[in-house]
Amino acid sequence: MSEEIKKNNYSADSIQALEGMEHVRMRPSMYIGDVGVRGLHHLVYEVVDNSIDEAMGGHCDAISVAINEDGSVTVEDNGRGIPVDLHKKEGVSALEVVMTKIGAGGKFDKDSYKVSGGLHGVGVSVVNALSVHMKSTVFREGKIYEQEYERGKALYPVKQIGETEKRGTRQTFFPDDTIFQQTTEFSYDTLSARMRELSFLNKGITITFTDKREVDDKGEFRSEVFHSDEGLKEYIRYLDGNREPIVSHVISMDNDKGEIPVEVALIYNTSYTENIFSYVNNINTHEGGTHLQGFRSGLTRTLKKYADASGLLDKLKFEIAGDDFREGLTAIISVKVSEPQFEGQTKTKLGNREVVSPVSQAVGEMLENYLEENPNDAKLIIQKVILAAQARHAAKKAREMVQRKTVMGGGGLPGKLSDCSEQDPARCEVYLVEGDSAGGTAKQGRDRNFQAILPLRGKILNVEKAMHHKVFENEEIRNIFTALGVTVGTAEDSKALNLEKLRYHKVIIMCDADVDGSHISTLILTFFFRFMKELIEEGHVYIAAPPLYLVKKGNKKEYAWNDVQRDQANERMGGSANIQRYKGLGEMNAEQLWETTMDPNFRTLRQVNIDSLAEADQVFSMLMGDEVPPRREFIEKNAVYANIDA
Ligand code: 0RA
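Attention here is on the structure that accompanies the text. All residue numbers refer to positions counted from 1 along the written sequence of the respective chain. Predicted model: local features are reported for residues with pLDDT of at least 70 only, side-chain atom pairs are reported and counted for 80 or more only, and whole-chain, interface and lining totals are derived from all residues. To obtain the side-chain values, all non-hydrogen atoms of the structure were included, while hydrogens and water were left out.

Relative accessibility thresholds used throughout: buried, under 20% of the residue-type maximum; exposed, over 50%; partly exposed, between the two (1.4 Å probe, protein chains only). To qualify as a helix, a DSSP run of H or I must reach at least 4 residues; to qualify as a strand, a run of E must reach at least 2; elements of each kind are numbered from the N terminus. Strand E20 (residues 451–456) sits mainly inside the fold: six of its six residues count as buried. The alternating pattern of E20 places Gln451, Ile453 and Pro455 on one face and Ala452, Leu454 and Leu456 on the opposite face, and all of these are buried. Pairing analysis gives six bridges linking strand E19 (residues 429–434) to E20, with the strands arranged parallel. Across the sheet, residue valine 433 finds its bridge partner in E20, namely proline 455. When the strands point away from the viewer, a crossover counts as right-handed if the path from the first strand over the helix to the second runs clockwise. Assessed by its sense of winding, the connection that carries the chain from E19 through helix H11 (residues 436–445) to E20 is right-handed. At least two DSSP bridges between two strands are needed for those strands to be called paired.

Listed below in structure tokens is the structure:
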């Protein structure tokens, strides 16, 4: 090849690289899912994943993540440092290739144990492309190297800036606000929850997380250190800390040397809910997949075999179903798959068939050993399964009653529902209102064309503590099911939710803006979380925000949602305005309620989303479960930092 052609080839390559980076900026959602809050936080996960990979390979044990004073994020590890030597093909340093070429990440190191990598597995160059400014610092072989970038373009070749005894990589990036137009502000709670999760999923690593944007009264940054020596076992204790276990230990196994590394931990508690969280390469697989399938089959097969042999099932008049083995079960499955195929609506369902059998076998072996060594626990588990089967039969009857009413349509709608006239669900919304009196006001104030009102009586049932058939027998809950047009259970899956006939695409919870009101909101959210999770996941659930104050002087009036707004309104009216504090929705008249809380042009609705299912489960079990002390502690601690991402 002549020198000239080589040169052309080289420049063709670099043009391609440039196009790659430009493509990321043109179509960011293709790489990070979206350019909203979720996509923004994804940038951090992508950078942290690279350090996790380095740790998984056994090359580092400490990672620090900081939100800086200026809103940028720094991720640092004590690994080998990204190589800075010349990359022969590209003619620039390896660091520059990694930072500025799409899909280059780690390719020059085939031995590296690379199974992490974000959901989209896109690499740090994507973060670089979507940042106004980024700086890489490498501590390697006694020297410090640095390179900076603007919107993904290197500002200068890698340079040596000093000497060091340290090893590692530091990445600082500032997200581009022309890409992330909604916000570039990172959430402490979101990042902290993810770092905690990562530390449980990757035992032995210490992850320090610091927010330098604010200091507390002692002049210190808000900071947490996450470290787990026992991994999933500890994760289970964290998740289930507010539930009462029925077995003496967390049952767990870790086969990280296998062809497909599998880690499993589980426990049975006295509740009636099934909580299984599954991960592939540190990514929460909400939609499950082949690893979950393997887990279920291993669990059912082993427990059934043990129960049959024990004679405990002899007097049972009906078959035990798969579901029955999972009532009161909290479990985590984490697998590492080198070429994962993600399927499903949100690409969080593992498709690799070869995963089923190793997981099923590993789970079977683990359980068999445990049951053999702990006969008392084994008996308690089987008794729990039998109870679940009996309760399932009772629940089925209760559910069929709800269903029959729903299916008959028309006359089937609850008497308390004031429906809207519009027929297209996409345009319809329903307000779930605390109390009949506020329900009456809402009914007067609403736009009856598209807004329906369903008043709920006082505190709805706490589903966290109730058996399933009690839930389906509860009148308020049946009203919610029938009003929404949602049904539960199919021939194959007794818990499958059917949202096809959902009658309103916005389901809005409207409660008083006080402690009781937020308790009721939480009860309703708990119900949705446990029985209609998809409703939340598909973005149908909202919380209304009624104002706290009415500020009035002469013919001027303003509403305020917090004390700052109240004081500002008062000032605008020249001070000494009349300030009314709304103690509840009941104190507002229909017009006020419409103006502030129901009129789509003025109201603020908070959409409820589930960032991390495991974290949400932990929060709900704590807020609604039996143990009071952690709940009080949580509420006190979070008086300043609201935590449920609603
Ligand atoms: C490939 C090779 C080597 C280091 C890394 C990747 C590496 C990448 C990242 C990303 C964040 N932190 C990292 N730390 C290391 C070096 C191989 C060697 O030194 O032999």
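A few words now on the pairing of strand E25 (residues 549–553). In this structure, E25 lies alongside strand E26 (residues 556–560), joined through five bridges in antiparallel fashion. Its bridge partner being in E26, valine 551 is matched across the sheet by glutamate 558. In sequence, E25 turns back onto E26 through a hairpin of two residues, with glycine 554 there showing a positive phi of about 55 degrees. Note: E25 against strand E27 (residues 578–581), four bridges, orientation antiparallel. Counterpart to lysine 552 in the pairing with E27 is asparagine 578.

So, about the sheet that holds strand E24 (residues 541–544). The strand order across the open sheet built from five strands is E20-E19-E23-E24-E28, with neighbouring strands paired in mixed fashion. Every other strand in the sheet has two partners, leaving E20 and strand E28 (605–607) as the edge strands with one partner each. This sheet shows a mean twist of 30 degrees between the axes of neighbouring strands, independent of strand direction. In this fold H11 packs onto E19, E20 and strand E23 (506–510), with an angle of close to 170 degrees to the strand it touches most, E20. Angles shown run from 0 to 180 degrees and are taken between the N-to-C directions of axes, each axis being a line fitted to C-alpha atoms and, for helices, limited to the stretch in contact. Throughout, a residue-residue contact means that at least one pair of heavy atoms, one from each residue, lies within 4.5 Å.

This part covers the sheet that holds strand E13 (residues 262–268). Spatial ordering of the open sheet is given by E12-E13-E16-E14-E15, a layout of five strands whose pairing is mixed. The open sheet has two edge strands, strand E12 (251–255) and strand E15 (283–284), and neither has a second partner. Bridge analysis of E13 against strand E16 (residues 329–335) gives seven bridges, and the strand direction is antiparallel. Bridge assignment links alanine 265 to a residue of E16, and that residue is isoleucine 332.

For the rest of this paragraph, the subject is the pattern of salt bridges. Here a salt bridge means any side-chain nitrogen of Lys or Arg lying within 4 Å of a carboxyl oxygen belonging to Asp or Glu. Tallied over the full model, the rule gives 36 salt bridges. With a closest N to O distance of 2.9 Å, aspartate 176 and arginine 151 form a salt bridge. With aspartate 176 in the loop between strand E9 (168–175) and helix H6 (188–201) and arginine 151 in the loop between strand E6 (143–150) and strand E7 (153–154), this pair connects stretches of sequence that are 25 residues apart. Here glutamate 274 and arginine 326 are joined by a salt bridge, their closest N and O atoms 3.2 Å apart. One end of the pair, glutamate 274, is in the loop between E13 and strand E14 (275–280); the other, arginine 326, is in the loop between helix H8 (290–310) and E16, with 52 residues separating them in the sequence. If you follow the salt bridges from partner to partner, you end up with Asp240, Arg243, Glu464, Arg530 and Asp617 in one network.

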